[in-house]
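Each chain, written out:
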Amino acid sequence: MNVSTSLGLKGAGGLQRMLMFTLPALVLVAIVTVTIVWKQELIVSRTPIYVFTENALGVARGMPVKVFGITVGAVTDIIIIPGSGGAKGRVRVELEVKSEHLQHIPRDSRARLLRESVVGQSIIEILPGEGQERPIARNEVLAFERSKSVGEIAEELNHMIAPAVLQVKEFVETMKMQGGEAQKSLQHAATLLEELPESNRQLRKTLVAAEKVLVHVDGALGEVATKAGSTLDSVQRTADSVQRTAAGVETAMPSVLGKIEKAADSAAQTAVSVKALADGAATRIPVLLDSGSMVVRDVDEIVEGAKRSWPVRNFISGPADLRLPLDSQEAARPIVKDGRR
Amino acid sequence: MGRILQGGWCSSVWWSVVMLISLAVTGCSTIAPALTAPERTQAIEASKYATSLFNRGDYAEAAAQYKRALLLERSIENEEGIAVNLINLSIVLQRMGDNAAALSSLAQIINDRLLQFPAGRVAEAAFRTAVIMSETGDVKGASVALQLAREKCPPSGCVLAGKLLNVQAQLSSLDKDFAGALTLATQALEVNRRQGDSAEEANSLRLLGAALLELGSSDAAQKVILEALAIDKSLLQAHKIMRDLSLLGRVASSKGAVNEAAVYYQRAIAVASAAGDRQTVAHLEQLVKGLLAGGR
């Protein structure tokens, strides 16, 4: 028995009937395929270019490649190139860039791994060169560099601050040192201040004696002498006050210096802790945030799509009734007058 | 054998095609949900938020949210949404004691000549107008509004029928036509029971009780008011419970049962006090004082 006969395909007429059945389905499949290919940009022309780096830390497949802040491609492949002839092994990162954007990437452009914000997504940014070189071509290589991470910035800051903190500590130590230059200077100052009132008193006695001798001198001179005496009193009071202040400063200084030293130590420890925290956060937080936001976005889209699709939409009720209940005895407040409204 | 094979293949193909076409026709013929404008979504959210504020007793903020929802609905000229928010706003404003503003809100539906508000919403606005006017004692104005509500309410299956009868009974009572009020309240009770509207059923019973009391049937009045009280307690309507209790106090007082009346009034005072209605508390306390003084 002929197979075509058994399936009802008798000659050209049978084949025609079969084509009538299958052709619409094939056309539909073709339309869907073309739509998917078009939507997914599967037939967009892309050009591979490469960058080489010591390691692939922070680089991942699918990472966007941007020029002037516009996404022009993505990282498509990362492979290790083994070392040979004494040269170290390196990592080759393949970037696929939409060919239409190649004109904006001269050969002397540089690729840089950076994060869009402190906790943002990592990207590869291409920094165009001077523009005098020809545009980069298929399979050519770009120079690669990494921008500093938060941890590296914190470390640099730490390096810069450390000498200053050390100097402050040394200064504090010098000030605190018993018998040191600073302590001696303070003691000398105190001694001088202590001797000042006695000198003043002696000077005053001398002046009083001189006043007695020159009592016959005219009133004008006598008045001058009186004024000088009052001025000296004032000087003495000031000197006493300065002496008391100096004594207070001398007492308080070691405690204040001790506090400054503790604060400096604490600041140094905090800087170390911040660095450790930043290192940890810089690695984990962006990944978590990226993943979380992607999941939420995906779920939203899926739910929204499902809600609009048939037959799910038939089972979703419409918006709730927004009307307040109508009451024939609605009132501002219970107006009760002998039980009547 | 070949014929059997041929018949089986054809029938299975035909069945598959028929199933697919049925599925496609069913899927395509189902109407997709209407697109929702951002303004409409925001309006719905504002309206829902306002309702939750209203239920919490924050009338000022609820009014602000209903006004916001109203503006959003106006921005897309959604007559249904505009009307619903205006009616809701009128309820909130009435609760706040601003009857003039509440009536003005409803007038925007009744007197509008530019938009095409659904007849059902116009009937509701007219009904609400009648309720507010009856509260303020404007029997004439309330009657006119009530007539409009009847005209706009669909003749077959008017959902407001029981409510309208209650308002009409209330107006008869205000007009001292207690026999008329009794008849209307009885009709209202029947309609509200048929429609399964418990809150309005309690209102009908209260109106019936008040009319019976005025007509001298204290026992019958007490019976129906106790029924109203039971419904209001099941619906957790504090203000209605207070009205029922004070009406029961009045019934007891009319029968000369001073102590029983005092007990009802004290219960009403406790409810009013808990509801924060100082005015009613003061009024009921005066009643109790007078009652006890008269009893001595």
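Nothing here was measured: the structure is a model prediction, and the numbers come from that model.

Reading the values: rules and limits
Residues numbered from 1 in each chain as written. Chains lettered and ligands numbered in written order. Predicted model: local features only at pLDDT ≥ 70, side-chain atom pairs only at ≥ 80, totals over all residues. Heavy atoms only, no water. Phe/Tyr/Trp six-rings, centres within 6.5 Å; stacked < 30°, edge-to-face > 60°. Buried < 20%, exposed > 50% of the residue type's maximum accessible area, 1.4 Å probe, protein only. Pairing = 2+ DSSP bridges. Helix = DSSP H or I, 4+ residues; strand = E, 2+ residues; numbered from the N terminus. Axes fitted to C-alpha atoms, helices over the stretch in contact; angles between N-to-C directions. Disulfide = S-S within 2.5 Å. Expected span 1.5 Å × (residues − 1).

(A) Structural view of the packing of aromatic side chains. Residues and elements named next belong to chain B. Applying the stated criterion across every chain yields a total of one aromatic pair over all chains. Pairing Phe54 with Tyr59 gives two aromatic rings, centres 5.5 Å apart and planes at 50°, and the pair type is tilted. Using a relative accessible area of 8% as the deciding quantity, one classes Phe54 as buried.

(B) Region of the structure containing the sheet that holds strand 4 (residues 90-98) of chain A. Residue and element names in this part refer to chain A. Read once around its circumference, the closed barrel built from seven strands follows the order 1-4-3-2-6-5-7, with strand pairing classed as mixed. Each adjacent strand pair in this sheet contributes to an overall mean axis angle of 35°, direction not counted. Note that strand 3 (residues 70-81) and strand 4 share eight bridges and pair antiparallel. Within the sheet, the bridge partner assigned to Ile78 lies in strand 4 and is Val93.

(C) Representation of the state of the cysteines in the model. Residue and element names in this part refer to chain B. By the definition in use, this model includes one disulfide over all chains. Note on cysteine connectivity: Cys153 is disulfide-linked to Cys158, with sulfurs 1.7 Å apart. Given an S-S torsion of about 95°, the disulfide between Cys153 and Cys158 has right-handed geometry. As far as the burial class goes, Cys153 and Cys158 line up, both buried.

(D) The pairing of strand 4 of chain A, seen in detail. One ladder, built from eight bridges, connects strand 1 (residues 46-53) of chain A with strand 4 of chain A; its direction is antiparallel. Across the sheet, the residue bridging to A:Ile49 is A:Leu95, located in strand 4 of chain A.

(E) Expanded view of helix 4 (residues 79-95) of chain B. Helix length check: helix 4 of chain B (17 residues) gives 24 Å between terminal C-alpha atoms against 24 Å at 1.5 Å per residue, within 8%. One or two positions beyond helix 4 of chain B, positive phi appears at B:Gly97, with a value near 90°.

Don't take any of this as a statement about function, it's just geometry.
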